[in-house]
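# Reading the structure
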Amino acid sequence: MSAHAGSTGVLFDVGYCLLDESARLGRALDWLAAALTAGGRPASPSGLHALYEAACRAPDPTQPSLVVQTLLAIGLPLPDAQSMRRALPWDAVPLTPYPDTLAILRELRDAGFRVGVLANQPSSTQRDLDGAGISALCDGVWLSEAVGLAKPDPRFFRVALTAWGLAPARVAYVGDRRDNDVAPAKALGMATVRLRVGPHADQPARGAGEVPTMEALSLAEVVPQLRRWRASLHARPGAGAVSRPSR
Ligand SMILES: [Mg+2]
């Protein structure tokens, strides 16, 4: 443990970050294509997938659900899109960790970082995190449905910052989305790591607010970046500290 153990933290997103959401997305698009086709509006999973990826590259800030945004793109009226999203058994497929998820969390903990999860996820994701052994390695798990707040609402991030008693500048957020992950964390003064994984990998920045502090192509790449980031904080001891680290 470093002399600064616990004085810096890392919060992780879930989908396309700690857990792979692609099997769940594939099943969801299959279900939607079948439901649309049965309702007299023929649709294919591959066609929906292309529209979903387009939504990921240009997420509508007024529409929190990418599934709803995808259904609007095929011409479904908003109330129909919303009711189909509600009927969709989104969490029927469990989320599974990436091969290096547990090792990365252990490495960060051993290096003295606090680690936690903060994600827009149904409460059922707690079961996936527990089952994978992730929760046991975390100093906090905050899921939107359970908390009653969701990204990009800064209040959601503040719940974790307050629980840890750390200033935003001493906490990094790691996620795959520029709009929901990078932008709100950066606006609060947190460090940000954009993980270029999954359907948001090619999401362009819509402004300086969506440009992260760091970028990584895999979880393994995140660890050295976070070590360098923490070293830069310690080179400027006053930067972002709530109080002096105990020695
Ligand atoms: Mg994600």
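Above this text you will find the structure in question.
Residues numbered from 1 in each chain as written. Predicted model: local features only at pLDDT ≥ 70, side-chain atom pairs only at ≥ 80, totals over all residues.

## Observations concerning the overall build of the chain
Heads up, the rule is: Only DSSP runs of H or I reaching four residues or more are called helices, and only runs of E reaching two or more are called strands; each is numbered from the N terminus. C-alpha atoms define the radius of gyration, and 2.2 Å times the number of residues to the power 0.38 defines the globule rule. As a rule, residues whose C-beta atom has 12 or fewer other C-beta atoms within 10 Å are exposed, those with 20 or more are buried, and those in between are partly exposed; C-beta atoms are placed from the backbone. Note on contacts: each residue gets a C-beta atom placed from the backbone, and two residues are in contact if those atoms are within 7 Å.
What the chain contains, in helices and strands, is 10 helices and 8 strands. The globule rule puts the C-alpha radius of gyration for 247 residues at 18 Å, and the 19 Å found for the chain is close to it. Overall, the C-alpha framework of the chain stretches about 70 × 40 × 30 Å when taken along its three principal axes. Residues classed as buried in the chain amount to 37% of the 247 residues present. The long-range fraction of contacts in the chain, counting pairs at least 24 apart against all pairs at least 6 apart in sequence, stands at 60%.

## Quick notes on the pairing of strand β7 (residues 191-195)
Sheet faces and side chains relate simply in a regular strand, where the side chains alternate between the two faces. Rules: We treat two strands as partners when DSSP finds at least two bridges between them. When the strands point away from the viewer and the path from the first strand over the helix to the second turns clockwise, the crossover is right-handed.
Taken across its 5 residues, β7 has 5 buried, putting it largely inside the fold. Side chains A191, V193 and L195 project from β7 onto one buried face, and the interleaved T192 and R194 project onto a second face that is buried too. The pairing of strand β6 (residues 171-175) with β7 spans 4 bridges and is parallel. Looking across to β7, one finds that G175 is bridged to R194. The β-α-β motif built from β6, the intervening helix α9 (residues 178-188) and the parallel element β7 has right-handed crossover chirality. Across 3 bridges, β7 lies against strand β8 (residues 214-216) in parallel orientation. When the bridges of β8 are listed, L195 appears paired with A216.

## A short note on the environment of A220
For A220, the location among the structural elements is in helix α10 (residues 219-235). A C-alpha to C-alpha distance of 8.5 Å links A220 and T101, two positions 119 residues apart in sequence. Setting aside its immediate chain neighbours within four residues, A220 contacts D100 and I104.

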